[in-house]
Amino acid sequence: MKKQDSGGKIICQNRKAHFSYAIGDTYEAGIVLLGTEVKAMREGKANLKDSYALIENGELFLHDFHISPYSCGNRANHEPLRVKKLLLHKSEIRRLYGKSNEQGFTLIPLKAYFKGGKIKIQLGIAKGKKLYDKRQDIRKKDERRSMEQSFKIR
């Protein structure tokens, strides 16, 4: 787990999100979890890789967010791919609903972290990148890396 700027610990990040999507606005949402899910997340056993958020009946839900079963859990352990409810203000959900209904936009969780003893999810409004956009990003990263290496040599 890495330290975050706001004083909380990052549990997991979706690193492919910035490569595969152009991220617009970001929102911080609370998440409704079971006890064993919280304990498993404290152990760092969570994965945001293929997860996404959907708005259903005016409520925001997180799909395919994998939380491994708690190691000391018993028969009451949680389902790893259970759909989890996200907590946002109604006005923010309406704004996200309007944005996500536009062509090509989706809601992607970027990271999960602790903040003030509670687990938060950072959501981003994302639009899928084309192959040539990804190539440009790789080219920029390579140029930046070569410039930094040339400064180190001097």
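Heads up: the structure comes first, above all this text.
Keep in mind that what you see is a predicted model, and the values were worked out from it rather than measured.

Engineer: Talk me through the overall build of the chain; I want residue IDs and the actual numbers.
Structural biologist: Tallying secondary structure elements over the chain gives four helices and 10 strands in all. The linear arrangement of helices and strands in the chain, starting from the amino end, is β-β-α-β-α-β-β-β-β-β-α-β-β-α. Seen along its three principal axes, the alpha-carbon backbone of the chain occupies a region of about 60 × 40 × 25 Å. Counting all 154 residues of the chain, 33% fall into the buried class. In the chain, once contacts between residues fewer than 6 apart in sequence are set aside, the share between residues at least 24 apart is 66%. Counting every atom, the chain has about 10100 Å² of accessible surface; 48% of that belongs to carbon and sulfur. Averaging the positions of the 33 positive and the 17 negative side-chain charges in the chain gives two centres separated by 4 Å.

Engineer: Just give me the short version of the packing of aromatic side chains, but keep the residues and values in it.
Structural biologist: Inspection of the entire model under this criterion finds zero aromatic pairs. The ring of Phe-105 has Lys-99 sitting right over it, with the charged end atom 5.8 Å from the ring centre. The cationic tip of Lys-111 hangs over the ring face of Tyr-113; the distance from NZ or CZ to the ring centre is 5.9 Å.

Engineer: Which residues make up the nonpolar core, and what are the values?
Structural biologist: Within the largest apolar cluster, 28 residues are counted, with the highest numbers of intra-cluster contacts made by Ile-11, Ile-31, Met-41, Leu-60, Phe-65, Leu-86 and Leu-96. Those elements that place two or more of their residues in this core are strand 2 (9-13), strand 3 (21-31), helix 2 (35-42), strand 5 (52-56), strand 6 (59-63), helix 3 (90-100), strand 9 (105-115) and strand 10 (118-128). When residues in this core are grouped by element, the largest group, four residues, is from strand 10.

Engineer: Before we move on, could you go through the environment of Gln-122 and cite the residues and values that matter?
Structural biologist: With respect to the helices, strands and loops of the structure, Gln-122 is situated in strand 10. Sequence separation between Gln-122 and Tyr-27 is 95 residues, and the spatial gap between their C-alpha atoms is 5.6 Å. Beyond its immediate stretch of four places on either side in the chain, Gln-122 contacts Thr-26, Tyr-27, Ile-108, Pro-109, Leu-110, Lys-111 and Tyr-113.

Engineer: Lay out the pattern of salt bridges with the relevant residues and their values.
Structural biologist: For side chains of opposite charge, pairing can occur when their charged atoms come near one another. With the rule as written, the count across this model stands at five salt bridges. The residue Arg-82 makes a salt bridge to Glu-37 at a minimum N-O spacing of 2.7 Å. Taken together, the positions of Arg-82 in the loop between strand 7 (66-67) and strand 8 (84-87) and Glu-37 in helix 2 put the pair 45 residues apart, joining distant regions of the chain. Take Arg-82: its relative accessible area is 25%, and that puts it in the partly exposed class.

Engineer: Could you give me a rundown of the pairing of strand 3, with the residues and numbers involved?
Structural biologist: Here strand 3 pairs with strand 10 via eight bridges, running antiparallel. Across the sheet, the residue bridging to Tyr-21 is Gly-128, located in strand 10. As paired strands, strand 3 and strand 8 are joined by two bridges and run antiparallel to one another. When the bridges of strand 8 are listed, Ile-31 appears paired with Leu-86.

Engineer: Describe helix 2, with residues and values.
Structural biologist: What helix 2 keeps buried is the set Thr-36, Glu-37, Ala-40 and Met-41. Buried residues of helix 2, viewed axially, fall in a sector of 140°; they line one side. Each element contacted by the buried residues of helix 2 is listed here: strand 2, strand 4 (46-47), strand 7, strand 8, strand 9 and strand 10. Positive backbone phi, at 85°, marks Gly-44, one or two positions downstream of helix 2.

Engineer: Can you break down the side chain of Lys-120 residue by residue, with the values?
Structural biologist: On the secondary structure map, Lys-120 appears in strand 10. Put simply, Lys-120 is tucked away with no salt bridge, and the nearest opposite charge, on Glu-28, sits 4.8 Å away. Ignoring anything within four residues of it in the chain, the contact list for Lys-120 reads Glu-28, Ala-29, Gly-30, Lys-111, Ala-112, Tyr-113 and Lys-115.

Analysis parameters
Residues numbered from 1 in each chain as written. Predicted model: local features only at pLDDT ≥ 70, side-chain atom pairs only at ≥ 80, totals over all residues. Heavy atoms only, no water. Helix = DSSP H or I, 4+ residues; strand = E, 2+ residues; numbered from the N terminus. Buried < 20%, exposed > 50% of the residue type's maximum accessible area, 1.4 Å probe, protein only. Contact = heavy atoms within 4.5 Å. Areas by Shrake-Rupley, 256 points an atom, 1.4 Å probe, with all protein chains shown as cover. Lys, Arg positive; Asp, Glu negative; His and termini not counted. Charge placed at Lys NZ, Arg CZ, Asp CG, Glu CD. Phe/Tyr/Trp six-rings, centres within 6.5 Å; stacked < 30°, edge-to-face > 60°. Lys NZ or Arg CZ within 6 Å of the ring centre and 35° of its normal. Core = buried A, V, L, I, M, F, W, Y, C linked by side-chain atoms within 4.5 Å. Salt bridge = Lys/Arg side-chain N within 4 Å of Asp/Glu carboxyl O. Pairing = 2+ DSSP bridges. Arc of directions from axis to C-beta.

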